[in-house]
Amino acid sequence: MLVKKKENLIRIDTYIKYILYKNNRNFIQKIIEKGLVYVNNILIKKNYIVKINDVIEIFLPEKKNIIPENLKINIFYEDEYVIIINKQSGLVVHPGKGNESMTLINGLHFYFLKKNFSKKIPILVHRIDKGTSGLILVAKDKNILEKISKQFYINHLKRKYITLVWGYIKNNKGTIICNIGRSLKNRIYMNVFPNGIYGKFSITHYKVLERFKYVTLLKCTLETGRTHQIRVHLKYIGHPIINDKDYGCKSKKSIKSIEKKIFKYQALHAYYIEYIHPIYRKKNYFICPIPERIKFIIKNLRLFNGERSSIG
């Protein structure tokens, strides 16, 4: 759902009640507390005030509880309050229309049952796309979620990505600043709106890690967290991510054929996350290795590209 001008500056629970659920305010507050409502790809509290062009997403099982499923989940870190998952590409993070099972949340519910976490429930603090691999922070109850979610607004929760993009980027580093919003032609996709009239303000910083003839390896740091932000930003500057089926090189058949041979999903990996621990109040940061799917193509680029240049 996209917040319109006439709906600006009202509470999120009031907005959802008005748009979808009419008189059931208690139900709305419960789904927000359970971590099933995201605004601009970030979990919010029930007193959040919606703004023009906010993108609101609600993830609900279809009138049934989430089914625990024994899935392969790579737990990168865990303590009494949080879990960090190193998600594999191809895994959907949350049940929704068309993906009611076999998601990260289904797997985490099974894990919680196995560990007898009877008074806890896994709640995603943020999300990454199905085709993107890497680190996701999970709260073990709604109180922890509330403490961590505040860090989005004061920029204490930091995320960095590794990606391979088409083209030779000359500048060693740069910053992409523009508005991102739902496409006016197809609501599934996001678009850049340079004039700032439509969409949400967004910032991505990038740094070149290694260059090849036709491909560049980048590190991207998010300053904001819009839906599909890195993918949309890199397409906007003319360097789409390799094998990005939504924002990639759709018109170039030769490139598409190469991509199919080397990747099933886009070459994007969330390798770094940093936050202030909600209880211990200490800075935590985690770095996970580049997955084999991306290391494979980097290795081959180095082998078949004699004129490689790189920077630290």
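Predicted, not measured: the structure shown is a model, and the values here were computed from it.

Would you mind going over the pattern of salt bridges with me for this structure?
Tallying each qualifying case throughout the model produces 13 salt bridges. A salt bridge links Glu292 to Lys295, with the shortest nitrogen-to-oxygen separation between them at 3.3 Å. One end of the pair, Glu292, and the other, Lys295, are both in helix H7 (residues 292-304), three residues apart, so they sit about a helical turn from each other. Judged by relative accessible area, Lys295 falls into the partly exposed class, the value being 41%.

For this particular structure, what's the right way to read helix H2 (residues 25-33)?
Within an α-helix, residues lying three or four positions from one another point in the same direction, as the helix has 3.6 residues per turn. Those residues of H2 that fall on the buried side of the exposure criterion are Ile28, Gln29, Ile31 and Ile32. Within H2, the buried residues cover an arc of 165° as seen down the axis, which keeps them to one side. The positive-phi residue at the C-terminal boundary of H2 is Gly35, with phi of around 80°.

I keep staring at the packing of aromatic side chains and nothing clicks. Help me out?
The description of an aromatic ring pair rests on the distance of the ring centres and on the angle between the ring planes. Summed over all chains, the structure comprises ten aromatic pairs. A centroid spacing of 5.1 Å and a plane angle of 90° characterise the contact between Phe112 and Phe117, whose relative ring orientation is edge-to-face. A centroid spacing of 6.2 Å and a plane angle of 55° characterise the contact between Tyr271 and Tyr272, whose relative ring orientation is tilted. The burial state of Tyr271 is the same as that of Tyr272; both residues are buried. Following the ring pairs from residue to residue traces out a cluster consisting of Tyr77, Tyr275 and Phe286. Here the guanidinium or amino end of Arg127 rests over the ring plane of Tyr38, the centre of that ring lying 4.5 Å away. The ring of Tyr272 carries the charged tip of Lys160 above its face, separated from the ring centre by 4.6 Å.

Looking at this structure, I do not really get the environment of Ser101. What am I missing?
Take Ser101: it is sitting in the loop between strand E5 (82-87) and helix H3 (104-114). A residue is classified by how much of its surface remains accessible, and Ser101, at 34% relative accessible area, is partly exposed. Between the alpha carbons of Ser101 and Ile66 there is a distance of 8.0 Å; along the sequence they are 35 residues apart. Setting aside its immediate chain neighbours within four residues, Ser101 contacts Glu69 and Asn106.

Calculation criteria
- Residues numbered from 1 in each chain as written.
- Predicted model: local features only at pLDDT ≥ 70, side-chain atom pairs only at ≥ 80, totals over all residues.
- Heavy atoms only, no water.
- Salt bridge = Lys/Arg side-chain N within 4 Å of Asp/Glu carboxyl O.
- Helix = DSSP H or I, 4+ residues; strand = E, 2+ residues; numbered from the N terminus.
- Buried < 20%, exposed > 50% of the residue type's maximum accessible area, 1.4 Å probe, protein only.
- Arc of directions from axis to C-beta.
- Phe/Tyr/Trp six-rings, centres within 6.5 Å; stacked < 30°, edge-to-face > 60°.
- Lys NZ or Arg CZ within 6 Å of the ring centre and 35° of its normal.
- Contact = heavy atoms within 4.5 Å.

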